[in-house]
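One letter stands for each residue in the lines below.
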Amino acid sequence: MLTVHAARERLRRREVSAVELTRAFLERIHALNPCLNAYLTVADEAALAMARDADARMARGEDTPLLGVPIAIKDVLSTRDMRTTAGSKILADYTPSWDATAVARLRALGAVFLGKLNCDEFAMGSSTENSAFGPTRNPWDETRVPGGSSGGSAAAVAADLCCAALGTDTGGSIRQPASLCGVTGLKNSYGRVSRYGLIAFASSLDTVGALTKDARDAAIMLRAMEGRDPLDSTSVEVVPIDVAALDESRDSLRGLRVGVPVEYFGSGMQPDVAQRVREAIDHLQSLGAAVREVSLPRTHLGLPVYYIIAPAEASANLARFDGVKYGLRVQGRDLIATYMETRGAGFGAEVKRRIMLGTYALSAGYYDAYYIRAQKVRTLIKRDFEQAFNQVDIIAAPVSPTTAFPLGSKTEDPIQMYLADVFTLPVSLAGICGISIPCGFDRDGLPVGLQLIGPAFGEQRVLEVAHIFQQTTDFHLQKPRLKGEP
Amino acid sequence: MEYEVVIGMETHVELDTHSKMFCACSARFFGAEPNVNVCPVCLGMPGALPVINRRAVEFAMMVGLALNCQIARHTFWERKSYWYPDLPKGYQISQYQRPLAYDGWLDVDVRDLSTGNWSEESVRRRIRIRRAHLEEDTGKLTHVGDKSYVDYNRSGVPLLEIVTEPDIRSADEAYAYLSALQQLVRYLGVSTGDMEKGAMRCEPNMSLRPKGSAGFGVKVEIKNLNSLRAVRDAIAYEIRRQTALLERGEAVQQVTMGWDESRGVTVVQREKESAHDYRYFPEPDLPPLEIDDAWLEDVRRRVPELALARQDRYRRDFGLSAYDAVQLTSDRAIADWFEQVIAAAPAGDLRARAKAAANWIQTEVFRLMKANAIPNAEIASIKPQPQQLAELIGLVEQQVINLNTARQVFEEMFATGAAPRAIVEAKGLAQVSDVDALRQVVAEVIAAHPSQVQQYRSGQEKVFGFLVGQVMKATKGKGNAQVINRLLREALKP
Amino acid sequence: MLTVAEVERIAWLARLALSESEKARYASQLSAILDYAAQLAELDVEDIPPTASVLAVHSVMREGDEIVAGLPRADALRNAPDTDGVSFVVQATFDDE
């Protein structure tokens, strides 16, 4: 199991070259991806070229945290000269000529891009079953989903098909798949990492982040990508993450105030999941944290608020897919028919559902009742967290009500699928940060995630707490047994 | 039944920034090859995000201030959704609820244009401005056969949309308003205002109602107007068309009309379907704008005195005619130059000084600029400086040279940039004002032309000019005309 | 409960061609989601400001009005479904917005 920091260690010591490391990953990908379907595009040639460049830079004495490290990128992020599909038929053959800012920063640091990862179409979903290119399978049990929408990213990290993977989190799309695949996934505060080049789903909620094997890697990846981008008006200056501070942190949590939201342990939770999360919270307490209950009274409103605001923004964001400038075009008898048939054929069912929901919520006569009202309740949800953080430093909670569910088990009823995100949505609506870290397994050996939530731009502390948890447990070191493992 | 027309004007002004409204592509699209000033943002590519161009906001603030508007201190952007190939994102970033500027007005002098002649008389009308807001322009579609070709060079260029209250009451008024608005944006240097190049696009909304009544009739929108003249002609045509309909007892249909310039008629473009559902909502990719006192004052300082205010001032303080005032304020550069001439002139009668400057600019300066293909707006680039024209005017006033000579001197100034006094001295052009010397010449001319003298003394005034000419000739054109006149009249007394 | 006619209206606004069975299916699915969202109608949010942004920033602008080279035309047209190498080509449209 190769973390980013371990890979750098081996590269620095010349135990392996970037080219060798990349080749090893590519071989593993070609062996295991046909079953897992984590990768949509494997960029052998480009990756090896990047690896050769990285080796050359190392030969010149450069030693930076991502140089020569093989990573992969969720297919909603634009990558120069590499196909970028957003998991959609409407972009099946789309190749941008430019990088998303987060991608560009990693490229400049000498990371190696192995390829593009599967996801729910336009990041809309919680299981990666909405991908137009088939679902990704959970490495822990390939009859089950990896979660979504960054399912390909979580599965690739869990199956060692890359050292780390970029993902995006709009309502839980990094945290939930991380939880279902037994890896670490940090959702940054909104505005911390540039969204330029991220194919937009919900503009006021989308965040770019990474799925990694541990908190230390999460810190390294965040440090590499974060910070104000003049091309994104919603990105802000930040105090950079101090990765070294993680190593220097004590293994005690004395002085830390941890809040447990009473509303997050309701019925509908799989009993094993509730149990593992409570045990994890007990562990925090045993490390010296002061644990107490907090209340986030509007938690149950997160779902309806999210499913008005996100689709509304998405309905406008996806209007650019009209077959005129790029992507699929299905020619109709006239231009209007072409628009309708292109979009009818190019978008999957969930995407169409959300576009229509959003269009409805914004349409004349409904705007105040739905969109404005949802934004007002969003303010209340945000205030809930602000009030809680007046009393505690970190909130500990479950990530998902269940472990990985079987493929096809929730696809009939959209609302059933939406409920998968009930614990992650409020964090997104408030724009604050939250990490999912492995905290145990259910009776079937499926991973359970613990969510550590921090206030806006409070990633440093969240990462430190996660790191300490991982220094004192070994859940994150467990690996799935994979079929066809070479 | 007499009808009156009620017109509201919607104008889109393209702002003359270097770069576009939400990205750093060049905003200079006119004449460029298609799709060469484009980037992911103005192409609406997946993942692209807008960033506000500060200068576009400031240009818009300047127009708002010049239009006496309130400037919004807290404003934000909205997405306006509709479907068209020239709109790459499928929505336009615009402003709906909180326009940058609102509740202003523009005073205009309305002249009767029907005779085709200039009218000194005018009526001053105040046209209220409901709002002015910023948005981005769309790309351009060219139709050839059964295909359309899309060019996104223009996509994202900053646009200021200015909407009036329905205060306009005639085609002439519409013309005056648009003319003044065009002049205003040029004075501010924020737009070329060039309708032929699409930098200013006008859509009148008009209806007829029984004269003196309060309500509004059925509204018709007119598009495809490519000049101020077309606006006036199209409105006049529509008034006639609608009046004829109403007089026959028929109803006016609520439609959009396009102006057909070649045939001089309006043509139905589109039945006005039910109002578009633009589904406006706040643009989540752009934080709101806050305009504080410091910024507002900084921009306010950049708004110069505008044309109408200067015209009023010239007429009041300098006694200029309406015609002269309008001519001299036609371009801000001209007006500024004119005022510099006055400021530099030697002390004396302000009105006389101004009148002289006005004459010189409208005759010799304009003539030479035109002959050298220098546009009015570039008057500051001519070789003579305003102070130098003032100096020249002074020389004529002091009778050092006469007007004819002065014209020659000015031609030399225009060509070489040399100072007037230097030219006069170098060429020995100082006029002969010496009374004794001139009396001598007068006597010689009288002696040499006895029959003309006889004719004059018997009452033929016309001959006087001939005799003056002869004296002038004898002095090689340098004679002081006033002195010659006086001496000749004296000498011719029987 | 959303009618098929309403679904058609929304699908038209969103330019989505739907089959008859899709229309029926979406009508019931969208109704279920909207019913769920109706919970929000019960709250008193009269004095609560809508969240304009979770960030506290304002007036973010590009200061200098400088021109930066964008995409070369070939890149701009690279993914175009139909192009003559200079423009994006679509079927002619008669309706001017």
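The structure presented is a predicted model; accordingly, all values stated were derived computationally and were not measured.

### Things to note about the overall build of chain B
From N to C terminus, chain B includes 15 helices and 17 strands. The buried share of chain B, reckoned over its 494 residues, is 55%. Taking all contacts inside chain B whose residues are at least 6 apart in sequence as the whole, residues at least 24 apart take part in 70%. With the model as given, the accessible surface of chain B reaches about 21300 Å², and the carbon-plus-sulfur share is 49%. On chain B, the mean spot of the 62 positive side-chain charges and the mean spot of the 65 negative ones are 4 Å from each other.

### A closer look at the overall build of chain A
Counting its secondary structure elements, chain A contains 16 helices and 11 strands. Whereas a compact globule of 486 residues would reach a radius of gyration of roughly 23 Å, chain A reaches 21 Å, a difference of no more than 12%. By principal-axis analysis of the C-alpha atoms, chain A measures approximately 65 × 55 × 45 Å. Taken over 486 residues, chain A has a buried fraction of 70%. Considering only contacts within chain A whose residues lie at least 6 apart along the sequence, 77% involve residues at least 24 apart. Carbon and sulfur atoms make up 49% of the accessible area of chain A, which amounts to about 14500 Å² in all. Here chain A contributes 53 positively and 55 negatively charged side chains, and the mean placements of these two sets differ by 3 Å.

### As for the layout of surface pockets
Residues and elements named next belong to chain B. In this structure, the second largest pocket encloses a volume near 980 Å³. Ser179, Ala180, Gln183, Gln311 and Val326 are, among the 35 residues lining the second largest pocket, the residues nearest its centre. Looking at the lining of the second largest pocket, the elements that each hand over two or more residues are strand E7 (101-110), helix H2 (171-188), helix H3 (228-247), helix H5 (307-318) and helix H6 (322-328). Looking at the lining of the second largest pocket residue by residue, the classes come out as 16 nonpolar, 11 polar and 8 charged. Each of domain 1 (3-275) and domain 2 (307-416) accounts for three or more of the residues forming the lining of the second largest pocket.

### Some points on the nonpolar core
Counting 206 residues, the largest nonpolar core has Tyr39, Leu106, Phe122, Phe385, Leu450 and Leu452 of chain A as its most contacted members. Not counting residues up to four positions away in its chain, the partners in contact with Tyr39 of chain A are Ile29, Asn33, Ala72, Leu114, Gly115, Lys116, Leu117, Ala156, Leu161 and Cys162 of chain A. Counting residues in hydrophobic clusters, the runner-up holds 114 residues, among them Ala316 of chain A together with Ala171, Tyr187 and Leu429 of chain B.

### A few points about empty space enclosed by the protein
All names here are of chain B. What the rule picks out here adds up to 9 cavities of 30 Å³ or more. Quantified by volume, the largest cavity comes out at close to 110 Å³. Around the largest cavity, the lining is made up of 15 residues, and of these Val41, Leu49, Pro50, Lys89 and Ile93 lie nearest the centre. Of the residues in the lining of the largest cavity, the class split is 8 nonpolar, 3 polar and 4 charged.

### Here's the deal with the domain arrangement of chain A
Residues and elements named next belong to chain A. Here chain A is partitioned into domain 1 (4-251) and domain 2 (301-372). Computed over C-alpha atoms only, the centres of domain 1 and domain 2 are separated by 28 Å. Counting residues at the interface gives 19 residues for domain 1 and 20 residues for domain 2. Roughly 1600 Å² is buried in total at the junction of domain 1 and domain 2, and carbon and sulfur atoms are behind 66% of that figure. It is Ile90, Met124 and Phe201 in domain 1 that bury the most area against domain 2; as a group they hold 40% of the surface buried on that side. Linking domain 1 with domain 2 are 0 salt bridges. Across the domain 1-domain 2 interface, the total number found is 9 residue pairs in polar contact (both at pLDDT 80 or more). When grouped by side-chain class, the residues that make up the side of domain 1 that touches domain 2 number 10 nonpolar, 7 polar and 2 charged.

### A look at the pattern of salt bridges
Residues and elements named next belong to chain A. The full count for this structure, using the stated rule, is 76 salt bridges over all chains. One salt bridge in this structure joins Arg216 and Asp247, with 2.9 Å as the shortest N-O distance. Here Asp247 lies in helix H8 (residues 243-248) and Arg216 lies in helix H7 (residues 215-225), a separation of 31 residues in the sequence. What emerges from the salt-bridge pattern is a single network uniting Arg8, Glu9, Arg10, Arg12, Arg13, Glu15 and Asp63.

### Observations concerning the interface of chain B and chain A
Taken together, the contacts link 31 residues of chain B with 36 residues of chain A. Interface area for chain B against chain A, summed over the two sides, is near 2600 Å², with a carbon-plus-sulfur share of 61%. It is Pro46, Leu49 and Trp83 of chain B in chain B that bury the most area against chain A; as a group they hold 24% of the surface buried on that side. Linking chain B with chain A are 1 salt bridge. Counting only elements with at least two residues in the side of chain B that touches chain A, the list comes to strand E5 (78-81) and strand E16 (281-282) of chain B. By residue class, the composition of the side of chain B that touches chain A is 21 nonpolar, 5 polar and 5 charged.

### Some details on the sheet that holds strand E4 (residues 164-169) of chain A
Residues and elements named next belong to chain A. Within the open sheet, the 11 strands sit side by side as E1-E3-E2-E4-E6-E5-E10-E11-E9-E7-E8. Their pairing is mixed. The strands lining the two open edges of the sheet, one partner per strand, are strand E1 (39-42) and strand E8 (290-294). Averaged over all adjacent pairs, the angle separating strand axes in this sheet is 30°, with direction ignored. Across 3 bridges, the pairing between strand E2 (residues 70-74) and E4 is parallel. Bridging across to E4, Ile71 finds its partner in Ala164.

### Considerations on the pairing of E5 of chain B
Residue and element names in this part refer to chain B. Going residue by residue along E5, you find Glu78 and Lys80 tucked away on one face and Arg79 and Ser81 tucked away on the opposite face as well. Two strands pair when backbone bridges link them, and E5 and strand E6 (residues 91-94) are joined in this way by 4 bridges, in the antiparallel orientation. Counted as the bridge partner of Glu78 is Ser94 from E6. As paired elements, E5 and E16 share 2 bridges and run antiparallel to each other. Bridge pairing in E16 links Arg79 to Phe281.

### Observations concerning the pairing of strand E3 (residues 112-117) of chain A
Regular strands place their side chains on alternate faces of the sheet. Residue and element names in this part refer to chain A. Here E3 lies mainly inside the structure; 6 of its 6 residues are buried. Across 3 bridges, E1 lies against E3 in antiparallel orientation. By the bridge assignment for E3, Val42 is matched with Gly115. As defined by bridge partners, E2 adjoins E3 across 4 bridges and the pair is classed as parallel. By the bridge assignment, Pro70 is partnered in E3 with Val112.

### A few points about helix H12 (residues 349-362) of chain A
Look at H12 of chain A: 20 Å from first C-alpha to last across 14 residues, which is about the 20 Å you get at 1.5 Å a residue. Buried residues dominate H12 of chain A, accounting for 13 of its 14 residues.

### A look at the environment of Gly264 of chain B
Residues and elements named next belong to chain B. Along the chain, Gly264 turns up in the loop between strand E14 (255-260) and strand E15 (265-271). A relative accessible area of 26% places Gly264 in the partly exposed class. Along the chain, Gly264 and Asp233 lie 31 residues apart, while their C-alpha atoms are 7.7 Å from each other.

Parameters at a glance
Residues numbered from 1 in each chain as written. Chains lettered and ligands numbered in written order. Predicted model: local features only at pLDDT ≥ 70, side-chain atom pairs only at ≥ 80, totals over all residues. Heavy atoms only, no water. Helix = DSSP H or I, 4+ residues; strand = E, 2+ residues; numbered from the N terminus. Buried < 20%, exposed > 50% of the residue type's maximum accessible area, 1.4 Å probe, protein only. Contact = heavy atoms within 4.5 Å. Areas by Shrake-Rupley, 256 points an atom, 1.4 Å probe, with all protein chains shown as cover. Lys, Arg positive; Asp, Glu negative; His and termini not counted. Charge placed at Lys NZ, Arg CZ, Asp CG, Glu CD. Rg over C-alpha atoms; globule rule 2.2 N^0.38 Å. 1 Å grid on protein atoms, 1.4 Å probe; cavity = no way out; pocket = protein on both sides within 12 Å on 5 of 7 lines; lining within 4 Å. Points joined across faces, edges and corners; volume = space filled by probe spheres on them. Nonpolar A, V, L, I, M, F, W, Y, C, P; charged D, E, K, R; others polar. Domains from an automatic or database assignment. Core = buried A, V, L, I, M, F, W, Y, C linked by side-chain atoms within 4.5 Å. Buried area = accessible area lost by both parts, 1.4 Å probe. Salt bridge = Lys/Arg side-chain N within 4 Å of Asp/Glu carboxyl O. Polar contact = N/O pair within 3.5 Å; in protein donor to acceptor, adjacent residues only side chain to side chain. Pairing = 2+ DSSP bridges. Axes fitted to C-alpha atoms, helices over the stretch in contact; angles between N-to-C directions. Expected span 1.5 Å × (residues − 1).

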